[in-house]
Amino acid sequence: MKVLVVEDDPKIAAAVKRGLEAEGFRVEVAADGDEGWWRASEGVYDLVVLDILLPRRNGYLVCRDLRAAGVWTPILMLTAKGGDLDEAEALDTGADDFLTKPFSFPVLLARVRALLRRSGRGRPAPVTVGSLRIDPAARRAWSSGVEVDLSRREFDVLELLVRRAGEVVSKDQLLDGVWEFDFAGDPNIVEVYVGRLRRKLDDPFGTAHIVTVRGAGYRLDGARA
């Protein structure tokens, strides 16, 4: 599936692009409203992630003009503003959903999936790596055929690693993908959650799916220990 991200903050745009690509989406980025309108009106996308506070043409105008031109691609609006009036204006101009910054990537991903389901794009398929299996839609996980109870954050970390199985994922990439984009806490929180996953998914079954790559990050392997 192809997603257009219209966002002028380079950090947020890069993080959203990286996260969605890790989920298997093809992603294009536009840095201002005029470029976003042109790409969305000329190209074919399954979804548009649209910031409101944009240079040249704001998100409200982009959305309104797309709907006026007969472009009905699902639109998820992002904004740093808050309040019912802003949300109402976003929806009144033709947006399908609304998400206020700061947000975590799992929440964004859940909204994206919900919009795609409502537009008939279908349910994300379960993924298997070695003796691990996850069902992203149901948010369930199994190790060696046994279902494992995971917290919301534990599942988010596992899903990102599973989606990028065989690749090294750095702490920063995990923070960007699972926590808020402007997370200012201790980055060692990643180690805490990886440790929890190992105790739940590997230790009871004598496996070692999550490998620490010293100085680089973590890699999820399919091989059993």
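Note that the coordinates shown come from a computational prediction; the quantities given were computed from them, not determined experimentally.

Another aspect to go through is the sheet that holds strand S1 (residues 2-6). In space, the five strands of this open sheet follow the order S2-S1-S3-S4-S5, with parallel pairing throughout. Each edge of the open sheet is held by one strand with a lone partner, namely strand S2 (26-30) and strand S5 (97-100). Between one strand and the next, the sheet's axes are offset by a mean angle of 20 degrees, whatever the strand orientation. Where strand S3 (residues 47-51) and strand S4 (residues 75-79) come together, four bridges link them in parallel fashion. Paired with Asp51 across the strands is Leu78, a residue of S4. Lying on the sheet, helix H1 (residues 10-22) is in contact with S1 and S2; it crosses S2 at an angle near 170 degrees.

Summed over the entire model, instances satisfying the criterion amount to 22 salt bridges. Between Asp34 and Arg57 there is a salt bridge whose closest N-O contact spans 2.9 Å. In this pair, Asp34 is assigned in helix H2 (residues 33-42) and Arg57 in the loop between S3 and helix H3 (59-68), connecting sequence segments 23 residues apart. Residue classification places Arg57 among the buried positions, given a relative accessible area of 19%. Where Glu147 meets Arg140, a salt bridge forms, and the shortest distance between an N and an O atom there is 2.8 Å.

Conventions and cut-offs
- Numbering of residues starts from 1 in every chain and runs along the sequence as written.
- For a predicted model such as this one, the threshold for reporting local features is a pLDDT of at least 70, and the threshold for listing and counting side-chain atom pairs is 80 or more; totals across whole chains, interfaces and linings nevertheless cover every residue.
- Think of the side-chain values as coming from all heavy atoms in the structure, minus any hydrogens and water.
- A strand pair is defined by DSSP finding two or more bridges across the two strands.
- Runs of H or I in DSSP of at least four residues are treated as helices and runs of E of at least two as strands, each being numbered from the N terminus.
- Axis definition: a line fitted to C-alpha atoms, over the contacting stretch in the case of helices. Angles run 0 to 180 degrees between N-to-C directions.
- Contacts are residue-level and defined by heavy atoms, with any inter-residue pair within 4.5 Å sufficient.
- The term salt bridge refers to a side-chain nitrogen of Lys or Arg lying within 4 Å of a carboxyl oxygen of Asp or Glu.
- Relative accessible area decides the class of each residue, using a 1.4 Å probe on protein chains only: under 20% of the type maximum gives buried, over 50% gives exposed, and in between gives partly exposed.

Note that every value here comes from positions in space, so none of it alone points to a role or purpose.
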